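Working through the structure, step by step
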Amino acid sequence: MSADSHPTLPPVRLLPDAELARDALAAPLFARAVRLARWAGPDTRVDTGGELVPGQLPEAVALLGLDPADEDSAAHASQAWRVAVDTGLVDVTEPEEDGSDSGGAAEGEREFGTAEPGEDLALVTGGAPGDVLDLWLAALDTVLADAAVPALDDLVDALDAGGEIDFDQLDWNPRREADFLDGVLANLYLLAVAEGGTADGPVPLPVLAASMVVPDDMGEPTDAVLEQVSDAMMRLDDQFRQLEPIGLVEFRPVDEELMAEAEDEEFLASAGASAGPGSGSGPGSAPDEEDVSRYGLVRLTPLGLYGIRARMLEAGVEAPAVGELAGKGADVLLDVVSHYSEAAAQAEIEQWLAARPVPEAAAELLAAARGSDAGGPLRRLRCQQALAPAGAEAEPAVRAVLDDAELGGLARVWLAERGVADVPAPDEEMVFWLTVDTIAAQLATGGGSGGGAGGGEGAEAELPLLIESLTAHHAGFFEQAWRVEHPATAHVLEAMGRLHPDKKAAKEARKAAFKARSRGV
């Protein structure tokens, strides 16, 4: 998978390995591969490449409980066998090639290879959850490779007079097809892990297809682009049908009646509309939920999230998972979660706190929150977030920083919220410093700036109200604020000049920002 588009992704919440391993064993295709591996023995015959000979496919179909009358059953059994071989669940010895022409020989007269259960089969029941997941990942590689191969009908159409595949006519490039599918799965992963993403709901297939086809800066898509979206949808419909049995996705295919009955122009227009507004691929309003579902819906399963993340990590993409910082120090924790959304940061912090005693954790967090660098305000905000659920056990560590210039205000807020007595009142210098630090932290989350660590529209809407509230409690706030010895003073005042809902106060903030810049703050 390419690491170019999203070198660092939001953290994903994964199920425990034991639950993921159970899901892997329950995936229909993997379960079939295991059953065939247990069935393999002295009477099993294989051809060159390790494929089951055609004469044994009916027995494999019956073993798997597939319908012998279904023309797809033999293909399903053959695929399960291929997965068993590729993952090491089955060991095969291919027939020796002696150079003789056996193409016309009857099956009973030919030399065949043999098969037996592989050493890795024992890991299915006797291995750790990680061993099972490694086997499943190997199976996923096989299925993804199969899914990138053209459909059988396309291969037949591309046969030339000599029975060879005309690859120019087929217009198939293995690397390009694999990259396309990897890109689709990466987009599906990003939609699931992004703040406000679709982890709890499926993604319409037209939206996913449009994400791969339609340029980001395109307004109304042309008919040619809509046709590309439609073609991509059909490719994805076929590929997701293949990926669902391995447990990677939950998939609702494109309505076959819709495909059979719709005229080309109607289908293109409807597919474009179902991509929805904001995706760069829909003309106007989106259709209702029932209409969208007819064009296919897909989402990664919890096992699928694990699988795609594993492939991303292998490709060099930074794809963090919630909980992997539990063994790190508080300095690493606060630095990393400063770039997370608030919800993701809270989840990571909770797991970090659960791994150590509260008094030591509180002291370590407060020590890591210090610093006059640009990341300091957001570290202190995350530290405050981390300490919020802590009880009386954290009080000694918090009291110990009451006189600290950077942490004293935070400590007083924490103690006051718990109704602790004898908390010394902050002096005016600390109050103003804490106000600047608080706004600087909120700006760093993306509020009012359109960027940062998971801020978004909610933060942008709340920050002006926070600014108004903080400044309303201090008469002549801007007369004093520009003198605050905080590295972010000028930046904060400039932001207040943009965001303060009161025009007069906003003007005062801009004047104060100029003074702060002039004195080098």
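Let us look at the structure shown here. Owing to the predicted nature of the structure, the values given are computational and were not obtained by experimental measurement. (Residues numbered from 1 in each chain as written. Predicted model: local features only at pLDDT ≥ 70, side-chain atom pairs only at ≥ 80, totals over all residues. Heavy atoms only, no water.)

**Remarks on the sheet that holds strand β2 (residues 90-93)**
Overall, antiparallel pairing links the three strands, which are arranged β1-β3-β2 in an open sheet. Edge positions in the sheet fall to β1 (45-46) and β2, since each has one partner strand and no second. Bridge analysis of β2 against strand β3 (residues 113-117) gives four bridges, and the strand direction is antiparallel. Among the inter-strand pairings, V92 is bridged to a residue of β3, identified as A115. (Pairing = 2+ DSSP bridges. Helix = DSSP H or I, 4+ residues; strand = E, 2+ residues; numbered from the N terminus.)

**Comments concerning the packing of aromatic side chains**
For the structure shown, the criterion picks out four aromatic pairs. Ring geometry for F240 against F251: centres 5.5 Å apart, planes inclined by 45 degrees, an arrangement best described as tilted. Of the two residues, F240 sits in helix α11 (residues 223-243) while F251 sits in strand β5 (residues 249-252), which places them 11 residues apart along the sequence. There is no split in this pair, since F240 and F251 are both buried. The interplanar angle of 25 degrees and the centroid separation of 5.3 Å between the aromatic rings of F432 and F477 together place this pair among those described as stacked. Note that F432 is positioned in helix α22 (residues 428-444) and F477 in helix α24 (residues 477-481), a separation of 45 residues in sequence. For F432, a relative accessible area of 6% translates into the label buried. Through pairs of rings, three or more aromatic residues link up here, namely F432, F477 and F478. One cation-aromatic arrangement involves R45 over F112; the distance from NZ or CZ to the ring centre is 5.7 Å. Over the ring of F180 we find R235, and its NZ or CZ is 3.9 Å from the ring centre. (Phe/Tyr/Trp six-rings, centres within 6.5 Å; stacked < 30°, edge-to-face > 60°. Buried < 20%, exposed > 50% of the residue type's maximum accessible area, 1.4 Å probe, protein only. Lys NZ or Arg CZ within 6 Å of the ring centre and 35° of its normal.)

**Side note on the sheet that holds strand β4 (residues 203-204)**
Pairing in this open sheet of three strands is antiparallel, and the strands run β4-β6-β5 from one edge to the other. What marks the edges here is a single partner per strand, and that holds for β4 and β5. Relative to strand β6 (residues 297-300), β4 is paired through two bridges, and the arrangement is antiparallel. Paired with V203 across the bridge in β6 is V298.

**Notes on a positive patch on the surface**
Residues R483, K507, R510, K511 and K515 make up a contiguous surface patch of positive charge. Within the secondary structure layout, R483 lies in the loop between α24 and α25 (489-499). (Patch = residues over 30% accessible without salt bridge, like charges linked within 9 Å, V, L, I, M, F, W, Y side chains within 5 Å. Areas by Shrake-Rupley, 256 points an atom, 1.4 Å probe, with all protein chains shown as cover. Salt bridge = Lys/Arg side-chain N within 4 Å of Asp/Glu carboxyl O. Lys, Arg positive; Asp, Glu negative; His and termini not counted. Charge placed at Lys NZ, Arg CZ, Asp CG, Glu CD.)

**Here's the deal with the environment of A26**
Tracing the chain through its elements places A26 in helix α1 (residues 17-26). Linking A26 and P245, residues 219 residues apart in sequence, is a C-alpha distance of 9.8 Å.

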